[in-house]
Structure formats: C-alpha cells, structure tokens
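Residue-level structure breakdown
So the chains spell out like this:
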2 protein chains.
Amino acid sequence: MTTPPQTAPRRATITDVAREAGTGKTSISRYLNGEMNVLSPELRARIEAAIARLDYQPNQMARGLKRGRNRLIGMLLADLTNPYTVEVLQGVEAACHALGLMPLICHAANEVEMERRYLQLLTTYRVEGVIVNALGVREETLRPVGGGGIPAVLVDRLVDGLSADMVGLDNRAAAELGTRHLLDQGFDDIWFVVQPFEQVSSRQLRELAFRDAMQAQNAARAHTLVLDLADTAAVERSLAELDRAIEAGGGDRVMGKAGNQGNADTSGTTARVALFAANAPVALRLALHLKGRYGAGWQTRVALLSIDDPDWAELAGITTIRQPTYEIGYRAVEFLHERIEGVQSTARDCLLPGELIVRASTSR
Amino acid sequence: MTTPPQTAPRRATITDVAREAGTGKTSISRYLNGEMNVLSPELRARIEAAIARLDYQPNQMARGLKRGRNRLIGMLLADLTNPYTVEVLQGVEAACHALGLMPLICHAANEVEMERRYLQLLTTYRVEGVIVNALGVREETLRPVGGGGIPAVLVDRLVDGLSADMVGLDNRAAAELGTRHLLDQGFDDIWFVVQPFEQVSSRQLRELAFRDAMQAQNAARAHTLVLDLADTAAVERSLAELDRAIEAGGGDRVMGKAGNQGNADTSGTTARVALFAANAPVALRLALHLKGRYGAGWQTRVALLSIDDPDWAELAGITTIRQPTYEIGYRAVEFLHERIEGVQSTARDCLLPGELIVRASTSR
DNA sequence: CTGTTAGCGCCTTCAG
DNA sequence: CTGAAGGCGCTAACAG
C-alpha cells in the first residue's frame, strides 16, 4: 500500500534488483532462470522481496539478445476474415502457450506484397520460426526464412519448390467425402466452385480430387467454376452461368469425364444440380446469390455443400465439411517447435480428416 | 574467407558489414538510420554493396535495447471470433503500417485470466503502448500498463477507474437509431437482448440508451433480456421466455417505464414484437433459434435488428447498425501514437457514428 | 565526413 | 554457493 506511482518511473532493471537485494546481478539472473538449487534460501528470499518491491519484470528483448532466442515465432496469415484462419489461430495460441512461445501475428489481408514485407519484418525481429498460411508465397519469398536457417511450417498449402513441414486438411479425402455425399443424395450434376487457384495448393488439390471422385463413380456431370471474389464483374458472369445450369435442371456442359459406362444414370431425364464450394468465402457468395434469386427457401431449391464450417452454416442450413482447425494450428506449432529444437528429419506432412455435417440443403 | 558457411550461417551483424565494407560500425549505423547527408557517396556505395552481399538485416531487438523503443505495440483482443474484432484489427494494421509500428496481437479468447497474463507478457516485451479491447480488465490489471508509464488506448469499452483515451461506437446514438427505426416500423414491444454486462461498458451503455429512447418515445413495452452465451441452460431458459413473448404477440411483462402517457399505444390490441440484439454474437444465437422455431422464413415472422454487421447479416436478412470498425482501429492507433510521442492532454474520447442498414427482417 | 568508446539489460564463463 | 568481468548487436556521444 506504500506505492504512490508518480512520474513515469523507469522500469527496474536487473541491476536495480541486485542493488535492492544487496547482491550481484548474477544471482538475480540465476533466480530468474530457475536455478534455485544454487541459491541459498536466504538469498533467494531477499531476491524475491526485492523483485516484488520493485515490480521488476525481466526485459525479454535483452534476454533474447544475449542468448540468441527470444521465444518469438511469426504467424503469417493470408486472411483473418476467413473463419478458418481464426480457428487455426486458436490452436496456435494454445500450443504456443503450452510451449512458452509468443506468436507474432501478421495479417497480410490477401495482399502478396504484404506477405513479403511481413516475412522480412519477422526476420528482422529474429523470430525463431515461422508458420505460414499465405496466398502467394513462393519459394524465393521464403528463402530468407526457410532457407536462411529459420524453420518454417506451412499451413493448409504447400509452397512449390520449398521443402518444409506442412499441416492441413486431407483435401483429397475431404473432396471425396463431399462428392460421394452429393452423389449418394441423388445429385448427379455437380458444380465445384473455387477461387482462382493462384499459388494455393489446397484449392488445386480439392478440385482435382473432386474430379477424380466424380470419374471414379462414373458420374457424368462434373463442372468446375472459378469464382474470383475480388472481381465483381467476373463474379456476376460466373453466377449467371451457374443460374443457367441450375434452371436448365442440368445444363449441357459436361466437363468431367468422357464416357458414361453401364451405370444407371440420368441422361435424358432432368439432372439434379448441386453446388460444391471449395471453402467458406465461396459458399457465402453463392448463398447470397441463391438467396437473392430463389428467396428465403433457396436451400430446398438448390443443394449447397461447402468445405469449412463457418458459424452461419447452421443458420443457412448448408451442408459442410468441418476442418479440424484447432488441431491444425496446434500441430503446426508442435512441428515448428521440434524444428526449433533442432529436429532434422525431412519435411513432414500432417493431413487431418474433415467431418461431414449434413444439413437441410443436401438432405432432400 | 576461410570456411564456406554451411550449417545455419549465423545472420550477419553490423560488425560483419563494417568489416566487409572496410569501415567502422558507426557508418553502418548511420546508413541504417538514413543519415545519408553525413556519408560520402563513395562510402555509402560500399556499405550498400556489403549489405547486399551479406543479406544483412539489422536486429530490431538490439536496436530496441539500445534506444529504448522497439516500435512494438500491444493489441489485446477479447474475442477474435467476433467479426467486429477482426474488422477493427484491419484498421489497426493499416495505421501501424503507416506509422512504422508493429502490433503484437494477443487473443485472450474471452478469458479474463488470459488477459491478465498477456498484459503482463506485453510489458515484458517492453511494448511502447497498448490498445485494449478486453472483457474483464479492471483498473488494477492495467496498472502495470497505463499506470506504469505505458500509454494505453481503450477500444469499445471503458475501464472503470482508469483514465485513458477511448475510441469506439457512439453507443447512445446507435441504440437510439435502432430503437427509433423499430418504432417507426410499427413495432411497439421491443426486447433488447444482451450478453451479461460484466465489465463491458458498451453493453451497459447500449442497454441504457435503448431504455431511454423507449421512454422518450413513450413506448410502453421495453424489455431487457440477458443472454449468457457461455451457459447453454441459461440460454435455453431465456429463449423460452422470448418465445412466449413472441407468441403471445406481446407478452405481459413490462419493464421499460412506469406510466403510459396520452400517446396512442397498442395496449389491448396485439403488440408487434421486435428483437434488438446488442451485438453480432447475440444476433447469431437469436437467429439460429428463430430459424429452428419458425423455419426458413422466420425473418418475416419476427423482427430482428442488431448492432454489428457481420457478413452473414445480408444472408439472414436482418437489419443492422454497422460500426465504423476500420476507422475505430485506425483512430486508436493514432491516439496511441500521439501518446507515445509524448502528448499529455487529459483522456480523450472518440465516438464514431453507426450506420443503419435496413433489411427484410424489419421492413414489414 | 569518419572512427572510437561506452554502454542498453541480460546471461555466461570463470574464479573465489 | 556467490560475484566480477565480458559480450550479444546496436546506437550515441565524443573526438579526429
């Protein structure tokens, strides 16, 4: 109760504490680092008191400078607007917490240039490692990091030419799961809608797996539609194409595979159309459009399934494939931590399964 | 020149660059700090070359240690799951970027204990200032920060007993705007739904302003319902209460004000019920419930208006009051920056207006 | 214009 | 068990 804090009192340093405790800096340092067995209980008590009295808190920067590790790791995020990202982040934070790491979160807001700059900034702060979930990072961009000795772990997407640990959804299995569900429900004209592929490997993988799954099932009508959310005009055109297909009850374009084998199929009869969104942002855009066109009950008119399970999915009644986001984040940090501690194995992949959540939109 | 650096090539230091450029460290430092007018073009060129050759990047930690400022600011966030938070963050990042600051983002995930710990951690990293959007931070918790000389700016909520700059929505005006809109649309039995007030001043302010607005309009039926999203059972009970009110077409509880003055009111006739959500998380919970109970077209059955404008609002067709989130974040950083630069004025408030966005749910 | 000399706050030998 | 001395990478006076 005797602490009238008055004028911006310079924060106490280790020297202050040493003086206050009537000892040398070394002992304070030892205390801070938990080397209790090397301190007499008496000294230890004095130090404790001094620290409390001065409200001393060791300067992480100085410690980092000295021993070369500051417990900071970089977390480069392409898009915090995507619920997926936030969820992954929760796992990252939990793991960091458990491992005594501090994540430096950088949000590139879908701008490749930003990503580059942040990456550079991170090295400047001498982070011990980096977790990357970026849009356009190429091998060269990551050179100063992955190459320069700073360990890196990729989340959700690979970087071509870079060999690093990666953790994310098992895209192939997820796309198969979704496709099969739609086919099982009797949909036979499926449109896979995805953002421009760019450097994002997961988009490519999902689309590829979708096509493969369709082919494996001898399903005739597999379409892929690229939706560039950043380009309004392009979006309009793409959606118009979709409308035509939906309203024709099938549409005449058939991209998926070549031949329809013996399987009973629906050629001739009206096809049942379903939309397969590659992720939540796409799904939202589609839902908005469908609602505008078919009204409140659009879910019963056209089937929509999406990878990602944003909080509004339940509200909109769309079927989803939920990613184990928390675990993805957690594992990423664990991987990174191992690398920081010196593990040298070749690049590892950790592919986690998604979970199908069926809702009104696809259950007749 | 002896051993080609093969394993984890230690990052180049200023000393390395000096040697490489055949000069002293001081000149390098001068170069780094842009004191070009004090360097001969010749030397400058040599330095430039050396830096490029060594891929040198100054160590921010060391710089910070030396000059006492590391350009780091703390950003304490109560809930990244709330779109509001992410939007504010975008403004923060933009401003930081413009001012050469680096935000250290800490996500407390609605846990008061986490907030305390992060705040402490931030001081440990010697951040130059802190932007706080927390759930349960009280004056004492912020003592090591606001009191200990580190400037702090509050976002969206005040901290009792602490005098610091604050920026956020003009809650009173927003609540009035919403209330008036509902009344104008002919709703006369309005339920304000809000999370437990706890230490969150904005929740209290909104509720208070709502009641005041109702009273000013001589509107008889003003109710306040507290929805504790963290407590499933409690939520169920609260929602059941709401259902009763909605289905009675009015309900018998009247909490708002005491007397109904001369104004024409609806007593006797069936009242038109409307729900006023204090923020997006509440609105989402309400929407989910209403959809479950009244089906896809629930928006036409019961009116829902919410402060906050999450991306699914358009999809759900609910009326909202959009906050100037980006600007809130931007201003917060500007305030903080001024404080860091030494501005000493008394605590300032920056209240920004919200914007009403009318959608199906409240427009008959 | 340029280099030398001290530290910033802390940790780490290395002698007591 | 304890303390003194040196240095991490960088900047900030002072000399030249």
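Residues numbered from 1 in each chain as written. Chains lettered and ligands numbered in written order. Predicted model: local features only at pLDDT ≥ 70, side-chain atom pairs only at ≥ 80, totals over all residues. Heavy atoms only, no water.

1. Focus on the overall build of chain A
How we decide: Numbering goes from the N terminus for both helices and strands, where a helix is a DSSP run of H or I of at least four residues and a strand is a run of E of at least two. The cut-offs for exposure are 20% and 50% of the maximum accessible area for each residue type, with area from a 1.4 Å probe on protein chains only; residues under the lower value are buried, those over the upper are exposed, and the others partly exposed. What makes two residues a contact is simply this: any of their non-hydrogen atoms within 4.5 Å. Each accessible area is a Shrake-Rupley result for a 1.4 Å probe, and residues are judged covered by the shown protein chains and nothing else.
Looking only at helices and strands, one finds 14 helices and twelve strands in chain A. A buried classification covers 53% of the 364 residues belonging to chain A. In chain A, the share of contacts with a sequence separation of at least 24, taken over all contacts with a separation of at least 6, comes to 69%. For chain A, the exposed area adds up to about 15,700 Å²; of that, 50% sits on carbon and sulfur atoms.

2. Some remarks on the nonpolar core
Let me state the cut-off plainly: Working definition of a nonpolar core: buried Ala, Val, Leu, Ile, Met, Phe, Trp, Tyr and Cys residues. They are joined through side-chain atoms within 4.5 Å.
Core analysis: the largest hydrophobic core is formed by 53 residues, its most contacted members being L275(A), L286(A), L275(B) and L286(B). Sequence-distant contacts of L275(B), that is, excluding residues within four places in its chain, are made with W191(B), L242(B), I246(B), L286(B), L290(B), V302(B), A303(B), L304(B) and L305(B). Membership of the second largest hydrophobic core comes to 50 residues, among which are V167(A), L352(A), I73(B) and V86(B).

3. A short note on the protein's contact with DNA strand D
The following threshold applies: Nearness here has a simple test: a residue counts as near a molecule or strand if at least one of its heavy atoms is within 4 Å of that partner. Counted as a polar contact is a pair of N or O atoms within 3.5 Å, where, for protein atoms, one must be capable of donating a hydrogen and the other of accepting one, and residues adjacent in sequence contribute only when both atoms are in side chains.
The environment of DNA strand D is made up of 27 residues, and the closest members are T23(A), R30(A), I14(B), Y56(B) and R63(B). The sugar-phosphate backbone supplies 51% of the atoms of DNA strand D found within 4 Å of the protein. Note that a phosphate oxygen of DNA strand D is positioned 2.6 Å from one of the side-chain N or O atoms of S40(A). One nitrogen or oxygen atom from the main chain of N59(B) is found 2.9 Å from a phosphate oxygen belonging to DNA strand D.

4. Focus on the packing of aromatic side chains
Residue and element names in this part refer to chain A. What counts, and what does not: Classification of ring pairs rests on two measures: the distance between centres of Phe, Tyr or Trp rings, Trp counted by its six-membered ring, which must be within 6.5 Å, and the angle between planes, read as stacked under 30 degrees, edge-to-face over 60 and tilted in between.
Enumeration over the complete set of coordinates arrives at eight aromatic pairs over all chains. Geometrically, the ring pair formed by F192 and F276 is edge-to-face, given 5.1 Å between the ring centres and 65 degrees between the ring planes. Note that F192 is positioned in strand 6 (residues 189–194) and F276 in strand 8 (residues 273–277), a separation of 84 residues in sequence. The exposure class of F192 is buried, given its relative accessible area of 0%. Judged by its relative accessible area of 0%, F276 falls in the buried class.

5. Overview of the pairing of strand 8 (residues 273–277) of chain B
Each regular strand carries side chains that alternate between the two faces of the sheet. All names here are of chain B. Stated formally: Two strands are said to pair when DSSP picks up at least two bridges between them.
Across the five residues of strand 8, five count as buried, placing the element largely inside the fold. In this sheet, strand 8 lies alongside strand 6 (residues 189–194) in parallel orientation, the contact comprising five bridges. The residue bridging D189 from the neighbouring strand is V273, located in strand 8. Note: strand 8 against strand 9 (residues 303–307), four bridges, orientation parallel. Within strand 9, the position partnered with A274 by the bridge is A303.

6. Concerning the sheet that holds strand 10 (residues 319–322) of chain A
Residues and elements named next belong to chain A. Our working definition: Axes, fitted as lines to C-alpha atoms, cover a helix only where it is in contact. Angles between the N-to-C directions of the axes lie from 0 to 180 degrees.
Taken together, the six strands give an open sheet; going across it, the order is 7-6-8-9-10-12, and neighbouring strands pair in mixed fashion. Two strands lie at the open edges of the sheet, namely strand 7 (221–226) and strand 12 (355–357), each paired on one side alone. Strand-to-strand twist in this sheet, taken as the mean axis angle between neighbours without regard to direction, amounts to 20 degrees. Running at roughly 165 degrees to strand 8, helix 8 (residues 171–184) makes contact with strand 6, strand 8, strand 9 (303–307), strand 10 and strand 12 of the sheet. Sitting on the sheet, helix 9 (residues 201–216) is in contact with strand 6, strand 7, strand 8 and strand 9, with an inclination near 165 degrees to strand 7.

7. Here's the deal with the confidence of the model for chain A
Residue and element names in this part refer to chain A. Applicable threshold: Along the chain, pLDDT gives the predictor's confidence residue by residue, from 0 to 100.
Mean pLDDT over chain A stands at 87; residues scoring 70 or higher make up 89%. Counted against residues more than four places away or in other chains, residues 1–7, with its pLDDT under 50, gives zero contacts. Segment residues 250–268 is flagged for pLDDT under 50; beyond a separation of four residues in sequence, or across chains, it makes 32 contacts in the model.

8. As for the relation of the copies chain A and chain B
Going by this rule: What sets the superposition is a least-squares fit of C-alpha atoms, and only residues with pLDDT of at least 70 in both copies go into it.
You can overlay chain A on chain B at an RMSD of 0.1 Å; the transform is a turn of 180 degrees with a shift of 0.0 Å along its axis. Those values place the two copies in the arrangement expected of a two-fold rotation axis. Most of the interface of chain A is mirrored in chain B: 98% of its interface residues are interface residues there too.

9. Thoughts on helix 1 (residues 14–21) of chain A
If you check which residues of helix 1 of chain A are buried, you get D16(A), V17(A), A18(A) and A21(A). Elements that come into contact with the buried residues of helix 1 of chain A comprise helix 2 (25–32) and helix 3 (41–54) of chain A.

10. Some thoughts on the protein's contact with DNA strand C
The immediate surroundings of DNA strand C are formed by 26 residues, with I14(A), R63(A), T23(B), T26(B) and K66(B) found nearest. Near-protein atoms of DNA strand C (within 4 Å) split between backbone and bases, with sugar and phosphate holding 57%. Contacts to DNA strand C include G24(B), whose backbone N or O atom sits 3.4 Å from a phosphate oxygen. Mapped onto the surface near DNA strand C, the elements with two or more residues apiece are helix 2 and helix 4 (60–67) of chain A together with helix 2 (25–32) and helix 4 (60–67) of chain B. For the surface near DNA strand C, the leading source of residues is helix 2 of chain A, giving five residues.

11. Focus on the UniProt feature "domain: HTH lacI-type" (unreviewed entry) in chain A
Counted only if it meets this: UniProt positions are given in the numbering used here, feature names are shortened, and annotations may be inferred rather than shown by experiment.
The residues that UniProt annotates with the feature "domain: HTH lacI-type" (unreviewed entry) are residues 12–67 of chain A. Split by type, residues 12–67 of chain A is 68% helix and 0% strand. Its first and last C-alpha atoms lie 21 Å apart.

12. Description of the side chain of N70(A)
Among the secondary structure elements, N70(A) is positioned in the loop between helix 4 and strand 1 (72–77). Only 3.5 Å separates the side chain of N70(A) from the backbone oxygen of R126(A), close enough to count as a polar contact. Apart from the residues within four sequence positions on either side, N70(A) is in contact with G64(A), Y125(A), R126(A), V127(A), E128(A), M61(B) and Y125(B).

13. A closer look at the interface of chain A and chain B
Size of an interface, as often reported, equals the accessible area lost when the parts are brought together. Convention followed: Once two parts are joined, some of their accessible surface, as seen by a 1.4 Å probe, is lost; buried area is that loss totalled over both. For this classification, the nonpolar set comprises Ala, Val, Leu, Ile, Met, Phe, Trp, Tyr, Cys and Pro, the charged set comprises Asp, Glu, Lys and Arg, and every other residue, Gly included, is treated as polar.
Each side of the interface is counted separately: chain A has 48 residues, and chain B has 47 residues. Summing both sides of the interface, chain A and chain B together bury roughly 4,800 Å²; the carbon and sulfur share of this comes to 62%. Our count for the contact surface shared by chain A and chain B stands at 18 residue pairs in polar contact (both at pLDDT 80 or more). Listed by contribution, the elements that provide at least two residues to the side of chain A that touches chain B are helix 4, helix 5 (83–99), strand 2 (102–107), helix 6 (112–124), helix 11 (280–294) and helix 13 (312–316) of chain A. In terms of residues, the side of chain A that touches chain B owes the most to one element, helix 6 of chain A, which gives eight residues. By residue class, the composition of the side of chain A that touches chain B is 28 nonpolar, twelve polar and eight charged.

14. Let's talk about helix 1 (residues 14–21) of chain B
Residues and elements named next belong to chain B. In this structure, the buried residues of helix 1 make contact with helix 2 and helix 3 (41–54). The opening residue of helix 1, the one whose side-chain oxygen lies 3.0 Å from the backbone nitrogen of T15, is T13. At the C-terminal side of helix 1, G22 shows a positive phi close to 65 degrees.

15. Quick notes on empty space enclosed by the protein
The method is simple in principle: a probe with the dimensions of a water molecule rolls over the atoms, and the space it marks as empty is what remains. Selection criterion: Using only the protein atoms, space was sampled on a 1 Å grid; points where a 1.4 Å probe fits but cannot get out form cavities, open sets with protein on both sides within 12 Å along at least five of seven lines form pockets, and lining residues are those with an atom within 4 Å of a point. Grid points are joined across faces, edges and corners, and a volume is the space filled by probe spheres set on the points.
Overall, the coordinates contain six cavities of 30 Å³ or more when judged by the stated rule. One number sums up the size of the largest cavity: a volume of about 140 Å³. Lining the largest cavity are 13 residues; nearest its centre among them are Q299(A), L315(A), Q299(B), L315(B) and A316(B). Breaking the lining of the largest cavity down by element, the ones donating at least two residues are helix 12 (298–301) and helix 13 of chain A together with helix 12 (298–301) and helix 13 (312–316) of chain B. Examining the composition of the lining of the largest cavity, we find that three residues originate from one element, helix 13 of chain A, more than from any other.

16. Some thoughts on the pattern of salt bridges
Our working rule: Should a side-chain nitrogen of Lys or Arg be within 4 Å of a carboxyl oxygen of Asp or Glu, the pair is scored as a salt bridge.
For the structure on display, the rule yields 45 salt bridges over all chains. The salt bridge partner of E338(A) is R348(A), with a shortest N-O separation of 2.5 Å. Linking E338(A) in helix 14 (residues 325–340) with R348(A) in the loop between helix 14 and strand 11 (349–352), this pair joins segments that are ten residues apart in sequence. Looking at E338(A), the relative accessible area reads 30%, which means it is partly exposed. A salt bridge links R359(B) to E314(B), with the nearest nitrogen and oxygen atoms 2.8 Å apart. With R359(B) in the segment after strand 12 (355–357) and E314(B) in helix 13, the pair connects residues that are 45 residues apart, well separated along the chain. A relative accessible area of 10% places R359(B) in the buried class. Linked by salt bridges that have partners in common, R69(A), R71(A), E128(A) and E341(A) make up one network.

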